[in-house]
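Notes for the structure review
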Amino acid sequence: MTRLTDYRLPSLSWRFIPVWRRNFLVWRKLAIPSILGNLADPAFYMLGLGYGLGSLLPHVAGVPYMTFLAAGTLCYSTMNSATFESLYSAFSRMHVQKTWDAMLNAPLELDDVMLGELAWATSKSVLSGLAILVIILALGLANSWLLLWTLPLLVLIGFCFTSLALVMNALSPNYDFFMYYFTLAITPMVLLCGVFYPVEQLPAFLQAVANWLPLTHAISLVRPLVQGEWPRHVLSHVAVLLAYGGAGFYLALVLVRRRLLK
Amino acid sequence: MPVLSASNLRKRYGSSEVVAGLDLALAPGECFGLLGPNGAGKTTTLRLLLGLTRPDGGTISLLGFPVPGNAREARLKVGVVPQVDSLDPDFTVTENLLVYGRYFGLSDHEVRARIPALLEFAELESKADAGIESLSGGMKRRLTLARALVNDPDVIFLDEPTTGLDPQARHMMWQRLRRLLGEGKTILLTTHFMEEAERLCDRLLIMDKGRAITTGAPRDLIAEHIEPHVVEIYSGEGRPDCAGLCQRQEQVGETLFCYAADPHALLAQLQQQCELRYLHRPSNLEDVFLKLTGRELRE
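Everything in this summary refers to the structure shown in the same document. Every value quoted in this text rests on a predicted model; they were computed, and no experiment measured them.

With respect to the nonpolar core
All names here are of chain B. With 162 residues, the main nonpolar core has Leu24 and Phe157 as its most contacted residues. Discounting residues that sit within four places of it in the chain, Leu24 has contacts with Leu4, Ser5, Ala6, Phe32, Leu34, Leu49 and Leu205. Membership of the second largest hydrophobic core comes to 11 residues, among which are Val231, Cys246, Leu266 and Leu267.

Structure representation (structure tokens):
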């Protein structure tokens, strides 16, 4: 049944903070393996592909392959972290552990819970991005202050992919459902959006597809900054990420209201 | 003024009306029981009263606030013990209370000050730093009750608070609920244990198919609907003839239930038939419940 109240705009309040803090307290208990995962996994990707492939293709798009790959990994890792947190972890809280139900029995609204989840998964993805920045600096891959501009971009990228994953969370009957999203959205983005090679290397129709995908726009902003240049078309890339994130969060909220407040 | 009132409450899912014009009112300090077979609409009614779902019709007032309009404000002074365990498995007992208190806007300092009394109430002092997995079913329920008290609520909602507990744990739970009533809290509970309702509730409402069938004090309901004595006769083949010796009789499987105002004549006759096994007992709420909602299984 369609109810108008499901479509009202998000009501944003500071009440999301206890929700964020709850998730933070859980994370703190597992912080060491979690940070290790943030660091080690992408570090091996960068080292393996960077040195392995890098020795075969010394320069890509005018920079050493390792530097090229670093910017892609920064975006990809942030996206991955946001996605995992908003799929598996949020689904556990919503559906399996009934954590959200407990919150809704307290004086929190579903909008507060969702905003808390959005803020939390965004925070966690920013942390993943920071881990990559540490690796980039440690390997001496960037030496411009422009790199600092990636910090607000990590927040934007985390927001964008958290929101999209929350849509899938709201629709999911079980954990297996998330495979659709990985197979049909995440994997194509990782392979088409310029993480490993420039999008321009693809045939025209695949480039057209890539241009519709948010990861392409994230990388278009981040890669020049890592290489010490100011990106082009900043506003349009930012607008695409904001649009995906904003529309995604609104849609996720509508869907989750229909699911839980029925 | 009632603590909680609802009038002509309605909720429909698809073609079935799960709550179909329900009225209820809770006076301050009373324990009110919502009884009904599975699928009667008890849990949906609780969700409606808490403002977690919108009614299709009717009005609700909780602690003076209109629900669902100002349900959030009302819930600041409400405690909820849900049917399904929703404790945080990643946290210790103390952390569960601390984190839940924050949802009410309480500072960590305020919650920490309340935790010792809550642990004492739940008899979980020795488990303060234990993980949730190490707790028994009864301990988890008591912790869920303690968690519902973290905001010092005026009204407590309990959805089947003792389902799945062993007798010791159940009695402990009842004792705790009586203590809360002694402190002046108002309690709304759903249950399908008639014994629980009879022991705890000042008043109750029996509902089925979303409608109230009857409401009143347990003693009054028994007096109103059932003869004071019940004789259960377990007969194999030879069905004893009790007609004329009781007001009403009912054959269920191999058991004959005889309801009587004065059972002496019936008992005298049964004593002569020494091959019969029978049980004489006072009538209870379960007799009322089964009479009003029928004996067919609800699954």
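Points about the packing of aromatic side chains
The description of two aromatic rings rests on the distance between their centres and on the angle between their planes. The final tally for this structure, using the stated rule, is 18 aromatic pairs over all chains. With centroids separated by 5.8 Å and ring planes inclined at 25°, the aromatic side chains of Phe84 of chain A and Tyr88 of chain A adopt a geometry described as stacked. Note that Phe84 of chain A and Tyr88 of chain A are positioned in helix α3 (residues 65-96) at a spacing of 4 residues, about one turn of the helix. Ring centres of Trp149 of chain A and Trp230 of chain A lie 5.5 Å apart, and the angle between their planes is 85°; this geometry places the pair in the edge-to-face category. Of this pair, Trp149 of chain A sits in the loop between α5 (110-138) and α6 (150-171) while Trp230 of chain A sits in the loop between α9 (214-226) and α10 (234-260); the two residues are 81 residues apart in sequence, bridging distant segments of the chain. By relative accessible area, which is 48% here, Trp149 of chain A ends up partly exposed. By way of ring pairs, the aromatic residues Phe84, Tyr88, Phe91, Tyr175, Phe178 and Phe182 of chain A are connected into one cluster. Residue placement shows Arg170 of chain B over the ring face of Phe193 of chain B; its charged tip is 4.2 Å from the ring centre. For Arg176 of chain B, the ring lying beneath its charged end belongs to Phe121 of chain B, and the centroid distance is 5.7 Å.

A few points about the sheet that holds strand β4 (residues 57-62) of chain B
Residue and element names in this part refer to chain B. Spatial strand order, β2-β1-β4-β5: 4 strands in an open sheet with antiparallel pairing. Each edge of the sheet is formed by a strand with only one pairing partner; in this case those strands are β2 (16-26) and β5 (65-67). Direction aside, the axes of adjacent strands within the sheet are offset by 25° on average. Here β4 runs beside β5; their pairing, made up of 3 bridges, is antiparallel. Following the sheet pairing, Leu62 is matched in β5 by Phe65. Sheet strands in contact with helix α1 (residues 42-49) are β1 (4-13), β2, β4 and β5, and its direction is about 120° off that of β1.

Some remarks on the side chain of Arg176 of chain B
Structurally, Arg176 of chain B is set in helix α6 (residues 167-182). The contacts of Arg176 of chain B, once residues within four sequence positions are left out, are Phe121, Glu123 and Leu145 of chain B.

Parameters and conventions
- Residues numbered from 1 in each chain as written.
- Chains lettered and ligands numbered in written order.
- Predicted model: local features only at pLDDT ≥ 70, side-chain atom pairs only at ≥ 80, totals over all residues.
- Heavy atoms only, no water.
- Core = buried A, V, L, I, M, F, W, Y, C linked by side-chain atoms within 4.5 Å.
- Buried < 20%, exposed > 50% of the residue type's maximum accessible area, 1.4 Å probe, protein only.
- Contact = heavy atoms within 4.5 Å.
- Phe/Tyr/Trp six-rings, centres within 6.5 Å; stacked < 30°, edge-to-face > 60°.
- Helix = DSSP H or I, 4+ residues; strand = E, 2+ residues; numbered from the N terminus.
- Lys NZ or Arg CZ within 6 Å of the ring centre and 35° of its normal.
- Pairing = 2+ DSSP bridges.
- Axes fitted to C-alpha atoms, helices over the stretch in contact; angles between N-to-C directions.

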